[in-house]
Protein chains: 2
Amino acid sequence: MSAEAGRTTATLDAVARTAGVSRATASRALTGSPRVSDDARERVLAAAASLSYVPNAAARALVTRRSDAVAFVVCEQEERFFSDPFFASVLKGAHRVVAASRRQLVFAVVASEDDRARLVRFAAGGHVDAAIFLSVHAGETAPERLRERGVPVVLVGRPPAGVAEDVPRADTDNVAGARAAAEHVLGRGRRRLGVITGPLDMPSAEDRLEGVRRAVAAAGGVVGAPGGPAPAGEPSVAVVEGDYTTEGGRRAAAALLERVPGLDAVLAQNDLMAVGALGLLRERGIGVPDDVAVVGYDDIPLASAVGPALTTVHQPLEELGRESATLAVALAVGGAEEGRGGSVLRPRLVVRSSS
Amino acid sequence: MSAEAGRTTATLDAVARTAGVSRATASRALTGSPRVSDDARERVLAAAASLSYVPNAAARALVTRRSDAVAFVVCEQEERFFSDPFFASVLKGAHRVVAASRRQLVFAVVASEDDRARLVRFAAGGHVDAAIFLSVHAGETAPERLRERGVPVVLVGRPPAGVAEDVPRADTDNVAGARAAAEHVLGRGRRRLGVITGPLDMPSAEDRLEGVRRAVAAAGGVVGAPGGPAPAGEPSVAVVEGDYTTEGGRRAAAALLERVPGLDAVLAQNDLMAVGALGLLRERGIGVPDDVAVVGYDDIPLASAVGPALTTVHQPLEELGRESATLAVALAVGGAEEGRGGSVLRPRLVVRSSS
DNA sequence: TGGCACCGTGGAAGCGCTTCCACGCCGCCT
DNA sequence: AGGCGGCGTGGAAGCGCTTCCACGGTGCCA
């Protein structure tokens, strides 16, 4: 605003004049259109360089209706985003792909209604060409609000209640992963299982629980009958809802110990909670894996670093990020066309010493 | 593009027509100008709501020359960004402040020349109103390129060679922090110190090294004379350049052991390297702190979790983020006006069991 | 009661860019 | 040798918004 505002950035018009061509030709030369003579193109590029011309993004976006940016949205408290390496890994994969497509990755956290409104405004206002959503809880409205306004949306994970089923997504097979974990401990003779779930308004938590149920049912067991003495040899499962944090894992493990006499296996739905459980068990002098086996989920770096190294379900997190970003970029290019549904990656059990 | 493109998002014109006023009045009502009658304002807001109107960001930005977004730029390999909690903490603080100002935080990693070009284009093109730079190495050109084009820039940390001295910044007193660490080990009778620095093209590394030098000089010691037998009782310091990664810390620790007979203290310039050193010392059967004291820097969460809990220099990382974002927001509002220079926060030595 | 100030409003300009369209030129085919 | 197609180019429109400016209406003061 002040008088010094000066240093007016070069405009396309200035470039055109310097190069001795019309604005139309200059524009074509700069956007790489083939309908320009080599001569004109060269002069324009030279002029642009000499003026350190940077096109005005707003003006361009106004007419092209594209911004060449992709949003990466985490619907979670900042706290969780920054403490769970899960997000960093996915973000890393996504960033690679988005950068490779010469687009800018715009990162956003949606933790409050305020954040949500701001994000919708920002994204639907045309600042991004597509949005990738992570950690979507039931009832989250942002993805639908964006879709309504024509912004392509990609989910990491299965859509929860309140989000349309047909949203393109990148996912891993959570049922299979959790089932493998449960079968693993059952196979080692464990019979009194305790599951620490994630927030049950998240599909990942639901699905992982379902995986355990199937494994136990297949082994002739009972789910949700923690108290009563199950017939000898028949597996039983108790379920406690956690919140995907270390501290939540501690608390849940304490609850399980209290409720399940003879508890001999803890299946945590992510590694952070498993680490919390590990800590509590150590404090109580309970041996892992001698007394209780502990299995995590995700295979974050911490998993292989902790006390007894954690048996866990490895997820290809970076690939998940790459996959989702690839979808998002495709949608950004093609408008909200059919999004080929996305893909489902396979998790893999990694057995270490905690089980 | 396809036929279905339809669902044209509502424009200001549509809102104005629905409300029965002119576009000018509608605009004023929506931007909160006082020069609108209550009646008109209400009708416009109602119309906007009923049409789920979201202003076109590009059009608005084109005329206001503001985007209401702030960039957070980390000049570092993705790898480092995601593995060092340092960045997460600063980002967290910055995000808070930016969100509170009703702006969007745009996150970017600049690891290659390509990334740099893209960022400059993106930011100078008007997608952001200000940019916060972290981990700026000597010779980094992006901040200056943005400043030249009128985009306000804030640095976290002191500007390295190649970046103007007068860039507003948020910083901590690295000299004082490192000096405190060195005085601490000297005070406990350690005499043969080894310093593992960060990349020496970064001011933080330079300054921390300087802090150690001052402490040692004050104690009558010699710097950089590792080999020869120093006079008994006179402290000496050997310096090995690290890279702020755990693995780099391991390697540097090995180098120090080799070069410095009687090494009895390792001062690592960040916690990640200190953890690497800790690991190597353990492997070699060298006792910490009995044989060698180890001190880190940053006080990331890991520092208090590792083997012998790490003595380290606590930095107010979130505050650093908040501070830098506050500056950036102020600049975004005021144009590239004088940036009150920023502030220098005080680090604090935290003594744990590794020293 | 006439004039003035002020307030709310609408018309219109224009931000910087892309792209449609029309135009002139050259070279080729018939 | 005349006409036609195609290519490179420039003029001009217009993306959706904010804001300057001018204007009519009202209420107040003299």
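Residues numbered from 1 in each chain as written. Chains lettered and ligands numbered in written order. Predicted model: local features only at pLDDT ≥ 70, side-chain atom pairs only at ≥ 80, totals over all residues. Heavy atoms only, no water.

**Notes on the overall build of chain A**
Consideration 1: When you go through chain A residue by residue, the secondary structure sums to 14 helices and 13 strands.
Consideration 2: A compact globule built from 355 residues should have a C-alpha radius of gyration of about 20 Å, whereas chain A, at 26 Å, is more than 25% larger.
Consideration 3: When the backbone C-alpha atoms are referred to their principal axes, chain A occupies close to 90 × 40 × 35 Å.
Consideration 4: Put simply, chain A has 355 residues, and 55% of those count as buried. (Helix = DSSP H or I, 4+ residues; strand = E, 2+ residues; numbered from the N terminus. Rg over C-alpha atoms; globule rule 2.2 N^0.38 Å. Buried < 20%, exposed > 50% of the residue type's maximum accessible area, 1.4 Å probe, protein only.)

**Quick notes on the protein's contact with DNA strand D**
Consideration 1: Near DNA strand D you find 28 residues, and of these Ser-37 and Arg-65 of chain A together with Leu-12, Arg-23 and Tyr-53 of chain B are the closest.
Consideration 2: Sugar and phosphate atoms constitute 61% of the interface atoms of DNA strand D, taking the interface as everything within 4 Å of the protein.
Consideration 3: Residue Thr-25 of chain A places a side-chain N or O atom 2.8 Å away from a phosphate oxygen belonging to DNA strand D.
Consideration 4: Within the side chain of Arg-23 of chain B, a nitrogen or oxygen atom sits 2.3 Å from a base nitrogen of DNA strand D. (Near = heavy atom within 4 Å. Polar contact = N/O pair within 3.5 Å; in protein donor to acceptor, adjacent residues only side chain to side chain.)

**Some thoughts on the nonpolar core**
The nonpolar side chains of a soluble globular protein tend to be buried, and buried together.
Consideration 1: Ranked by internal contacts, the top residues of the largest apolar core, which has 60 residues, are Phe-72 and Leu-134 of chain A together with Phe-72 and Leu-134 of chain B.
Consideration 2: When near neighbours in sequence (up to four residues on either side) are disregarded, Phe-72 of chain A contacts Val-90, Leu-91, Ala-94, Leu-105, Val-106, Phe-107, Ala-108, Ile-132 and Leu-134 of chain A.
Consideration 3: In this structure, Val-151 of chain A together with Val-151, Val-153 and Val-163 of chain B belong to the second largest nonpolar core, which totals 48 residues. (Core = buried A, V, L, I, M, F, W, Y, C linked by side-chain atoms within 4.5 Å. Contact = heavy atoms within 4.5 Å.)

**Description of the protein's contact with DNA strand C**
Consideration 1: The full set close to DNA strand C counts 28 residues, and Leu-12, Arg-23, Ser-27, Tyr-53 and Arg-60 of chain A are the nearest of them.
Consideration 2: At the protein interface, 62% of the atoms of DNA strand C within 4 Å belong to sugar or phosphate.
Consideration 3: At 2.8 Å from a phosphate oxygen of DNA strand C is found a main-chain nitrogen or oxygen belonging to Ser-22 of chain B.
Consideration 4: Residue Arg-65 of chain B places a side-chain N or O atom 3.0 Å away from a phosphate oxygen belonging to DNA strand C.
Consideration 5: Contributions of two or more residues to the surface near DNA strand C are made by α2 (23-31) and α4 (57-64) of chain A together with α2 (23-31) and α4 (57-64) of chain B.

**A look at the packing of aromatic side chains**
Consideration 1: Under the counting rule described, the total for this entry stands at seven aromatic pairs over all chains.
Consideration 2: With a centroid separation of 4.9 Å and 40° between ring planes, the pair formed by Phe-81 of chain A and Phe-107 of chain A is classed as tilted. Note that Phe-81 of chain A is positioned in helix α5 (residues 78-83) and Phe-107 of chain A in strand β2 (residues 104-109), a separation of 26 residues in sequence.
Consideration 3: Judged by its relative accessible area of 6%, Phe-81 of chain A is buried.
Consideration 4: Between Phe-81 of chain B and Phe-87 of chain B, the ring centres sit 5.6 Å apart and the planes meet at 40°, which makes this aromatic pair tilted.
Consideration 5: Phe-87 of chain B sits in the buried class, given a relative accessible area of 1%.
Consideration 6: Three or more aromatic residues link up through ring pairs in this structure, and these residues are Phe-81, Phe-86, Phe-87 and Phe-107 of chain A together with Phe-81, Phe-86, Phe-87 and Phe-107 of chain B.
Consideration 7: Against the face of Tyr-297 of chain B rests Arg-208 of chain B, its NZ or CZ located 3.8 Å from the ring centre. (Phe/Tyr/Trp six-rings, centres within 6.5 Å; stacked < 30°, edge-to-face > 60°. Lys NZ or Arg CZ within 6 Å of the ring centre and 35° of its normal.)

**Some remarks on the relation of the copies chain B and chain A**
Consideration 1: At an RMSD of 0.1 Å, chain B and chain A line up after a rotation of 180° and a shift of 0.1 Å along the axis. Viewed as a symmetry operation, the transformation between the two copies matches a two-fold axis.
Consideration 2: Interface overlap between copies is the fraction of interface residues in one copy that are interface residues in the other; for chain B against chain A it reaches 100%, indicating a shared surface. (Least-squares fit on C-alpha atoms with pLDDT ≥ 70 in both.)

**Some points on the packing of α2 of chain A against helix α3 (residues 38-50) of chain A**
All names here are of chain A.
Consideration 1: At a closest axis distance of 9 Å, the pairing of α2 and α3 adopts a crossing angle of 85°. One way to sum up the angle between α2 and α3 is to call them roughly perpendicular. Judged by residue contacts, Thr-25, Ala-26, Ala-29 and Leu-30 of α2 engage Ala-40, Arg-41, Val-44, Leu-45 and Ala-48 from α3.
Consideration 2: Residue composition of the contact of α2 with α3, grouped by class: seven nonpolar, one polar and one charged. (Axes fitted to C-alpha atoms, helices over the stretch in contact; angles between N-to-C directions. Parallel < 35°, antiparallel > 145°, perpendicular 65-115°, else oblique. Nonpolar A, V, L, I, M, F, W, Y, C, P; charged D, E, K, R; others polar.)

**Quick look at helix α14 (residues 317-334) of chain A**
Working note: α-helix, 3.6 residues per turn, so residues spaced by three or four point in the same direction.
Residues and elements named next belong to chain A.
Consideration 1: For α14, with 18 residues, the first-to-last C-alpha span of 26 Å sits near the 26 Å given by 1.5 Å per residue.
Consideration 2: When we look at burial in α14, the residues that qualify are Leu-317, Leu-320, Gly-321, Glu-323, Ser-324, Ala-325, Leu-327, Ala-328, Val-329, Leu-331 and Ala-332.
Consideration 3: Those residues of α14 that are buried lie in contact with β1 (69-74), α6 (85-100), β3 (130-134), β4 (153-156), β5 (169-172) and β12 (342-345). (Expected span 1.5 Å × (residues − 1).)

**Quick look at the interface of chain B and chain A**
The parts lose accessible area when they come together, and the size of an interface is often stated as this lost area.
Consideration 1: Taken together, the contact between chain B and chain A spans 45 residues of the former and 46 residues of the latter.
Consideration 2: Roughly 4400 Å² is buried in total at the junction of chain B and chain A, and carbon and sulfur atoms are behind 54% of that figure.
Consideration 3: Together, Phe-82, Gln-104 and Arg-118 of chain B form the three largest contributors to the area buried by chain B at its contact with chain A, with a combined 15%.
Consideration 4: The interface formed by chain B and chain A includes six salt bridges.
Consideration 5: Lys-92 of chain B is the partner of Glu-79 of chain A in a salt bridge, and the nearest nitrogen-oxygen pair spans 2.5 Å.
Consideration 6: In this structure, the connection of chain B to chain A is made through 13 residue pairs in polar contact (both at pLDDT 80 or more).
Consideration 7: At nine residues, the largest contribution of residues to the side of chain B that touches chain A is made by helix α7 (residues 113-127) of chain B.
Consideration 8: Counted by class, the side of chain B that touches chain A contains 20 nonpolar, nine polar and 16 charged residues. (Buried area = accessible area lost by both parts, 1.4 Å probe. Salt bridge = Lys/Arg side-chain N within 4 Å of Asp/Glu carboxyl O.)

**Regarding the environment of Ala-19 of chain B**
Residue and element names in this part refer to chain B.
Consideration 1: Relative to the assigned elements, Ala-19 resides in helix α1 (residues 12-19).
Consideration 2: In sequence terms Ala-19 and Ala-48 are 29 residues apart; their C-alpha atoms lie 8.5 Å from each other.
Consideration 3: Leaving out residues up to four positions away in the same chain, Ala-19 has contacts with Arg-43, Val-44 and Ala-47.

**Some details on the domain arrangement of chain A**
Consideration 1: Domain annotation of chain A identifies domain 1 (3-55), domain 2 (69-170 + 318-343) and domain 3 (174-314).
Consideration 2: In this structure, domain 1 of chain A and domain 2 of chain A have C-alpha centres spaced 35 Å apart. (Domains from an automatic or database assignment.)

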